[in-house]
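Chains, contacts and geometry: an overview
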Amino acid sequence: MKKYFILYKPFLIFLGTFFLTYIVLTFLYQRFLNGFEENQIDSITRMVSENTEQVLQLFNDESSIEESTASPYMKLFYNQKYVARIVEGCNAISVIILFISFVVAFSGKLLTTLLFIFGGSLFIYVLNVLRIAVLSALIFYFPKQEPFLHGVLFPLYIYSLVFVLWLIWVRKFSRYASKDSK
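Note that the structure is predicted; figures quoted are calculated from it, not measured.

1. Here we look at the packing of helix α5 (residues 110-141) against helix α6 (residues 146-173)
Interhelical geometry of α5 versus α6 gives an angle of 160 degrees and a closest axis separation of 11 Å. Taken together, the axes of α5 and α6 lie roughly antiparallel to each other. Of the two elements, α5 crosses α6, and the hand of that crossing is right-handed. Here the residues of the contact of α5 with α6 sort into 18 nonpolar, 5 polar and 2 charged.

This is the structure we're talking about:
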């Protein structure tokens, strides 16, 4: 048993670090969410909604958001038509937590790790806002394709880009990056 622990020590440290970081960040995020009343929209989801509205208004000035009075979500209107709702799960925080957990598990130099986490998280946030804006416009023009667009195409888009960020991190900046790639 000890032989296997020694043999797989780097992998076990990676797993432990990844899951510990993921659990801690998820716990902190849940504490943040618990600070809001039951039918109140959290501030991150509100900010994502407002940024999405700003992006849509660059192309269509008849786009807007409106807070739901019945549930904690924002209604998104495109060409004055209600096309989508933005809920807490749309704010990409769970994706950012996953991204950060992976980077921490493959950490490199402290400053490099922190900068990559900050830059990558900001990149994911911006991509998510663009994802919601494009998805809303596509749902307006192709409403019958909504299940495919929302359930397949756009999750594939966001997770593929996060995967590319992970590859860049591991190959260029983590402690496992080859010396000739730096």
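2. A word on the pairing of strand β1 (residues 64-67)
As paired elements, β1 and strand β2 (residues 74-78) share 4 bridges and run antiparallel to each other. Counterpart to serine 64 in the pairing with β2 is phenylalanine 77. Linking β1 to β2, which pair antiparallel, is a turn of 6 residues.

3. Let's talk about the packing of aromatic side chains
Two descriptors summarise a pair of aromatic rings, namely the distance from one centre to the other and the angle between the planes of the rings. Inspection of every chain in the model, using the stated rule, returns 18 aromatic pairs. Between phenylalanine 14 and phenylalanine 18 the ring centres are 6.1 Å apart and the planes differ by 25 degrees, which places this aromatic pair in the stacked class. Of this pair, phenylalanine 14 and phenylalanine 18 both sit in helix α2 (residues 9-34), 4 residues apart, which is roughly one turn of that helix. The pair formed by phenylalanine 14 and phenylalanine 18 is uniform in burial state, with each residue classed as buried. For the ring pair phenylalanine 154 and tyrosine 157, a centre distance of 6.1 Å and an interplane angle of 70 degrees mean the geometry is edge-to-face. With phenylalanine 154 and tyrosine 157 both in helix α6 and 3 residues apart, this pair spans about one turn of that helix. A relative accessible area of 27% places tyrosine 157 in the partly exposed class. Among the aromatic residues, those joined into a cluster by ring pairs are Phe14, Phe18, Phe19, Tyr22, Phe102, Phe106 and Trp166.

Definitions and limits used
Residues numbered from 1 in each chain as written. Predicted model: local features only at pLDDT ≥ 70, side-chain atom pairs only at ≥ 80, totals over all residues. Heavy atoms only, no water. Axes fitted to C-alpha atoms, helices over the stretch in contact; angles between N-to-C directions. Helix = DSSP H or I, 4+ residues; strand = E, 2+ residues; numbered from the N terminus. Parallel < 35°, antiparallel > 145°, perpendicular 65-115°, else oblique. Left-handed = near helix turned anticlockwise from the far one by under 90°. Nonpolar A, V, L, I, M, F, W, Y, C, P; charged D, E, K, R; others polar. Pairing = 2+ DSSP bridges. Phe/Tyr/Trp six-rings, centres within 6.5 Å; stacked < 30°, edge-to-face > 60°. Buried < 20%, exposed > 50% of the residue type's maximum accessible area, 1.4 Å probe, protein only.

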